[in-house]
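Report on the structure
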Amino acid sequence: MSKIELVKGSCAEQHVDAVVNAANRNLWSGGGICGVIFKKAGYTELNCACEKYKTPLKDGDAIITPSFNMKNCKYIIHSVGPDFGQTPNAFQELYDAYYNSFKVLVNNGLESISLPLISSGIFGYGLDNPPGESCKQCLNAYNNFVKDYPEANINVKLCAFSDKEYLECSKQFNI
């Protein structure tokens, strides 16, 4: 039975099959959760794995790499969220970033996943409530995914890092 839960903390610390990296189109190491994941996995190893993909990716795309030095997961799913500062109405692309992460998970025979609030940091510039919007799109993608793939059994941990993010997401989860 699939389930989704809101977790207060970092997606990079959860014990799951796959941790999601809020990736940029070129799969380069960045700041925020992306920088944390590259550091934990190992810059050299993860950069080499990412270089095997043809970039730039499109907003909403998701790809998978091994987790290398991360002991709490087997894989990293790199999901490209839109930059709302550049594309103000990219809600479909944000939805796709979550939905495609779930597809990559299942297509690789995996069941558990932890995700950050994609496009809620610097890529959320211009949105009134980046964490709330990201959470909303994650929940929509999850609900549609479990309808589209009823045989899939996924365990989703959506991670809100700060107290403010958790509060905004709690409203979406009706906690």
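What this report covers is the structure whose coordinates are included nearby. (Residues numbered from 1 in each chain as written. Predicted model: local features only at pLDDT ≥ 70, side-chain atom pairs only at ≥ 80, totals over all residues. Heavy atoms only, no water.)

**Examining the packing of helix 4 (residues 130–148) against helix 5 (residues 163–173)**
- Here helix 4 crosses helix 5 at 40°, and the two axes come no closer than 8 Å. As the angle between them shows, helix 4 and helix 5 are arranged oblique. For the pair helix 4 and helix 5, the crossing hand works out as right-handed. Between helix 4, through Pro131, Gly132, Cys135, Lys136 and Leu139, and helix 5, the contact on the second element is made entirely by Glu165, Glu168, Cys169, Gln172 and Phe173. (Axes fitted to C-alpha atoms, helices over the stretch in contact; angles between N-to-C directions. Helix = DSSP H or I, 4+ residues; strand = E, 2+ residues; numbered from the N terminus. Parallel < 35°, antiparallel > 145°, perpendicular 65-115°, else oblique. Left-handed = near helix turned anticlockwise from the far one by under 90°. Contact = heavy atoms within 4.5 Å.)

**Details of the nonpolar core**
- In terms of nonpolar packing, the biggest core is built from 36 residues, with Ile77, Tyr98, Phe102, Ile113, Leu115, Val156 and Leu158 touching the most fellow members.
- Elements with a contribution of two residues or more to this core: strand 1 (3–8), strand 2 (18–23), strand 3 (62–66), helix 3 (91–107), strand 5 (112–115), helix 4, strand 6 (155–160) and helix 5.
- A per-element tally of this core places helix 3 first, with 8 residues.
- Setting aside its immediate chain neighbours within four residues, Ile113 contacts Val16, Ala18, Val20, Ile77, Ser101, Phe102, Leu105, Asn155, Val156 and Lys157.
- One finds Ala12, Leu27, Ile37 and Val80 within the second-largest nonpolar core, a separate group that totals 20 residues. (Core = buried A, V, L, I, M, F, W, Y, C linked by side-chain atoms within 4.5 Å. Buried < 20%, exposed > 50% of the residue type's maximum accessible area, 1.4 Å probe, protein only.)

**Comments concerning the packing of helix 1 (residues 32–41) against helix 2 (residues 43–50)**
- Following both chains from N to C, one finds helix 1 and helix 2 inclined at 110°, their axes separated by 6 Å at the closest point. Relative to helix 2, the element helix 1 lies roughly perpendicular. Seen from helix 1, the contacting residues are Gly35, Ile37, Phe38, Lys39 and Ala41; seen from helix 2, they are Tyr43, Glu45, Leu46, Asn47 and Cys50.
- Looking at the contact of helix 1 with helix 2, its residues break down into 6 nonpolar, 2 polar and 2 charged. (Nonpolar A, V, L, I, M, F, W, Y, C, P; charged D, E, K, R; others polar.)

**Describing the packing of aromatic side chains**
- Applying the stated criterion across every chain yields a total of 7 aromatic pairs.
- Seen from their ring centres, Phe84 and Phe91 are 5.3 Å apart, and the 40° between their planes marks the pair as tilted.
- On the basis of relative accessible area, Phe84 is assigned to the buried category, the value being 3%.
- A relative accessible area of 28% means that Phe91 is categorised as partly exposed.
- Centroid distance Phe102 to Tyr142: 6.3 Å. Interplanar angle 85°. Geometry classified as edge-to-face. Separated by 40 residues along the polypeptide, Phe102 in helix 3 and Tyr142 in helix 4 bring together distant segments of the chain. There is no split in this pair, since Phe102 and Tyr142 are both buried.
- Taken together through their ring pairs, the aromatic side chains of Tyr95, Tyr99, Phe102, Tyr142, Phe145 and Tyr149 make up a single cluster. (Phe/Tyr/Trp six-rings, centres within 6.5 Å; stacked < 30°, edge-to-face > 60°.)

None of this, on its own, says anything about what the molecule does.
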